[in-house]
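A closer look at the structure
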Amino acid sequence: MLNKFLKFAFLFIFLVSFGLALASETNGTVDSTYKYAWGENLGWLNFGCTECDVAITDTAITGYAWSRQFGWINLAPTNGGVTNTSSGTLSGRAWGSNVGWIDFSAVTINTSGEFLGYAT
């Protein structure tokens, strides 16, 4: 009887583990339809252009966003970078040589993958 229980328990744990989503499996890129952010002084920022290569993980956002008015915004510069907690709270700074530092500490990502808040 104990042997059958142990086999069942092992099988149950094995099958359940396939249904769990690991943080590394939630890595993503910017949706091609919803790829723009508006900045009062920057205009539209494109996070999903062909050359942008923006990647979103449970620890960081990397790549480049494009501003027609100000050029490239580096999301992972030396001495900076946009970080992400596993719960979707962003912090850190991006860099644009024509704009300076952009602070992401008031931005979050909701469970639908939508960015909310303001980068300053």
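In the block above lies the structure referred to throughout.
The following paragraphs examine the structure supplied in this document.

Reading guide: rules and limits
- Residues numbered from 1 in each chain as written.
- Predicted model: local features only at pLDDT ≥ 70, side-chain atom pairs only at ≥ 80, totals over all residues.
- Heavy atoms only, no water.
- Helix = DSSP H or I, 4+ residues; strand = E, 2+ residues; numbered from the N terminus.
- Buried < 20%, exposed > 50% of the residue type's maximum accessible area, 1.4 Å probe, protein only.
- Disulfide = S-S within 2.5 Å.
- 1 Å grid on protein atoms, 1.4 Å probe; cavity = no way out; pocket = protein on both sides within 12 Å on 5 of 7 lines; lining within 4 Å.
- Points joined across faces, edges and corners; volume = space filled by probe spheres on them.
- Nonpolar A, V, L, I, M, F, W, Y, C, P; charged D, E, K, R; others polar.
- Polar contact = N/O pair within 3.5 Å; in protein donor to acceptor, adjacent residues only side chain to side chain.
- Contact = heavy atoms within 4.5 Å.
- Phe/Tyr/Trp six-rings, centres within 6.5 Å; stacked < 30°, edge-to-face > 60°.
- Lys NZ or Arg CZ within 6 Å of the ring centre and 35° of its normal.

**Digging into the environment of threonine 78**
Inspection of the secondary structure assignment puts threonine 78 in the loop between β7 (71–74) and β8 (81–84). You can call threonine 78 exposed: its relative accessible area is 68%.

**What to know about the state of the cysteines**
Two cysteines form a disulfide when their sulfur atoms are joined by a covalent bond. Taken as a whole, this structure holds 1 disulfide when the rule is applied. Through a disulfide, cysteine 49 is tied to cysteine 52; the S-S separation comes to 2.0 Å. Taking the sign of the torsion about the S-S bond as the criterion, the disulfide between cysteine 49 and cysteine 52, at about 100 degrees, is right-handed. In this structure, cysteine 49 and cysteine 52 share a single accessibility class: buried.

**With respect to the layout of surface pockets**
Rolled over the atoms, a probe as big as a water molecule pinpoints where empty space is left. Its boundaries defined by the atoms lining it, the largest pocket holds a volume of some 1400 Å³. Around the largest pocket, the lining is made up of 50 residues, and of these Val107, Ile109, Glu114, Phe115 and Leu116 lie nearest the centre. Of all elements in the fold, only β1 (28–29), β2 (36–39), β3 (43–46), β8, β10 (100–103), β11 (106–109) and β12 (115–118) reach the threshold of two or more residues within the lining of the largest pocket. Looking at side-chain class alone, the lining of the largest pocket contains 27 nonpolar, 18 polar and 5 charged residues.

**Focus: the side chain of asparagine 74**
Residue position: asparagine 74 is located in strand β7. A distance of 2.9 Å separates a polar atom in the side chain of asparagine 74 from the backbone nitrogen of alanine 76. The residues contacting asparagine 74, other than those within four sequence positions of it, are Gly63, Tyr64, Ala94 and Trp95.

**Considering the packing of aromatic side chains**
Going through the model one piece at a time under the given rule, you end up with 5 aromatic pairs. Judged by centre distance (6.2 Å) and plane angle (80 degrees), the rings of tyrosine 36 and tryptophan 44 are edge-to-face. Ring pairs connect the aromatic residues Tyr36, Trp38 and Trp44, which therefore count as one cluster. Here arginine 93 stacks its cationic end above the ring of tryptophan 101, 4.1 Å away from the centre of that ring.

**With respect to unusual backbone geometry**
For aspartate 53, which is not glycine, the phi torsion reads 55 degrees and is therefore positive. With respect to the secondary-structure elements, aspartate 53 resides in the loop between β3 and β4 (55–56). Here asparagine 79, not a glycine, exhibits a phi torsion of approximately 65 degrees, which is positive. Following the sequence through the fold, asparagine 79 ends up in the loop between β7 and β8.

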